[in-house]
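Observations on chain architecture
Okay, here's what each chain looks like letter by letter:
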Amino acid sequence: MDTTAANTTENADTATQMGNVFQPATPIGTVCVAMVTPMHANGEIDYQAAAKLARKLVDDGCDSILVSGTTGESPTTHQAEKDKLTSAVVEAVGQDAYVLAGAGSNDTAHAVRIAQRAQACGADGLLVVSPYYNRPSQRGVIRHVEAIIDATDLPITLYDIPGRTGVAFSDDTLDHLAQSERIVAVKDATGNPEQGLQRMERTGLAYYSGDDGLNYAFLTGGASGVISVVGHVAAAQYRKMVDLVADGQYPAARAVHRQLQPLVEAIMGGGQGAVMAKAALYQQGFIPTDAVRSPLAPADEQDYARIAQWR
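All residue numbers refer to positions counted from 1 along the written sequence of the respective chain. Where totals are concerned, whole chains, interfaces and linings use all residues; where local detail is concerned, this predicted model gives features only for residues with pLDDT of at least 70, and gives and counts side-chain atom pairs only at 80 or more. Remark: hydrogens and water are excluded; side-chain values derive from all non-hydrogen atoms of the structure.

**Looking at the confidence of the model for the protein chain**
Under the convention used in this document: Values of pLDDT, which run from 0 to 100, indicate the predictor's confidence residue by residue. It only takes one pair of heavy atoms within 4.5 Å for two residues to be counted as in contact.
In the predicted model, the protein chain carries a mean pLDDT of 93, and the fraction of residues at 70 or more is 93%. A low-confidence stretch, residues 2–20 stays under pLDDT 50, and its non-local contacts, those more than four residues away or across chains, total 36 contacts.

So, in structure tokens, the structure goes:
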């Protein structure tokens, strides 16, 4: 869905007050799933299954799909595969949903190439994580993001997940980057909603919960939406939660949150999100295999038992 022109200048200070309910800006939609990358049993990407899964998610209530994120096993997929995957998802749902493409790397030149190819393949926006493992300074983080800004035209969502990267976005870095009209949102997986809500107010950026266990907390604090892993099998419930919060029906939204907590624990509590989401989808017949690429290992019997308990 080509919403670039409308969204690049949209941020939280354009949010409106409707009745007594605060309506935040939603530059990348409201319910996004960080989609797994379905694979054949031999580990090759199943692009047909990916297109079908994206269609299912949109039919279930998603208005945004993230491809080639961490849950999509981006560290072990190659550029030609990322290109074909993005194109397949854009073709399947691009008229009905925002297609966000991961452009993460600890090599800035590599991240730039990923971003440029995502744009060429029709993505609506980019998800840019702080460079991982080599732990640059905050000045290095800024230079990394600005290189991607300079090399592309798409709106950018920053991904703050220091538990994986080892490098958080500092307050000063976010304040600096928020001055660019190309930076429209933040996916917050810091585990610190209080900090996130403060940053949301200060920067004017749209904030998205990147931790399913904290979706309700972020939404009721004014977040624009969620970028979910559990949404692979609970997109309809998250659509309901988001809509209830938008309508000011907080007790009903909290009831949805409580209903989903066992599933969130099963998929995200101690397992690996990509592995467990694939297991849940495979168990329910939505993808043909639960294959993942090494170093990930597929779900075992105990993993499947944990997921089955929720049903």
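There's more to say after this.
**Quick notes on helix α8 (residues 193–203)**
Where we set the bar: Here's how the labels work: a residue is buried when its accessible area is under 20% of the maximum for its type, exposed when over 50%, partly exposed in between, all with a 1.4 Å probe on protein chains only. A run of DSSP states H or I qualifies as a helix once it reaches four residues; a run of E qualifies as a strand once it reaches two. Both are numbered from the N-terminal end. This arc corresponds to the set of directions leading from the helix axis out to the C-beta atoms.
Listed in full, the buried residues belonging to α8 are Gly196, Arg199, Met200 and Thr203. For α8, the buried positions fall inside an angular range of 105° around the axis, keeping them on one side. Turned more than 90 degrees away from the buried face of α8, the exposed residues are Glu194 and Glu201. Along its buried surface, α8 packs onto β7 (156–160), α7 (171–177), β8 (183–188), β9 (206–209) and α9 (215–220). Note on α8: the residue one or two positions beyond its end, Gly204, has a positive phi of about 80°.

**Topic: the sheet that holds strand β3 (residues 31–34)**
Condition: Strand pairing follows a simple DSSP-based rule, namely that at least 2 bridges must link the two strands. An axis is simply a line fitted to the C-alpha atoms; with a helix, the fit covers only the stretch in contact. Between two such axes, the angle follows the N-to-C directions and lies from 0 to 180 degrees.
In space, the 8 strands of this closed barrel follow the order β3-β4-β5-β6-β7-β8-β9-β10, with parallel pairing throughout. Neighbour-to-neighbour, the strand axes of this sheet turn through a mean angle of 25°, independent of strand direction. By the bridge criterion, 3 bridges tie β3 to strand β10 (residues 225–228) in an arrangement that is parallel. By the bridge assignment for β10, Val31 is matched with Val226. Each of β3 and β10 is contacted by helix α10 (residues 231–246), which is oriented at about 160° to β3, the strand it contacts most.

**Quick word on the pattern of salt bridges**
How we decide: Within this document, salt bridges are pairs made up of a side-chain nitrogen of Lys or Arg and a carboxyl oxygen of Asp or Glu, the two lying within 4 Å of each other.
Taken as a whole, this structure holds 13 salt bridges when the rule is applied. Between Arg293 and Glu81 there is a salt bridge; the shortest N-O distance is 2.7 Å. Within this pair, whereas Arg293 is found in the loop between α12 (273–283) and α13 (301–308), its partner Glu81 is found in helix α3 (residues 79–93), the two being separated by 212 residues in sequence. For the pair shown, Arg293 and Glu81 are each scored as buried. A salt bridge links Asp175 to Arg202; its shortest N-O distance comes to 2.8 Å. Here Asp175 is found in helix α7, whereas its partner Arg202 is found in helix α8, with 27 residues between them in sequence. Taking relative accessible area as the criterion, Asp175 reaches 29% and is therefore assigned partly exposed. Residues joined by salt bridges that share partners form a network here, namely Asp160, Asp171, Asp175, Arg199 and Arg202.

**Thoughts on the environment of Ser87**
Within the fold, Ser87 resides in helix α3. Under the relative-accessibility criterion, Ser87 is labelled partly exposed at 31%. Considering only alpha carbons, one finds Ser87 and Ala291, 204 residues apart in sequence, at a separation of 22 Å.

**Observations concerning the environment of Leu263**
The topology assignment puts Leu263 in helix α11 (residues 250–268). Its relative accessible area of 1% is what places Leu263 among the buried residues. Sequence spacing of Leu263 and Val230 is 33 residues, and the spatial spacing of their C-alpha atoms is 7.4 Å.

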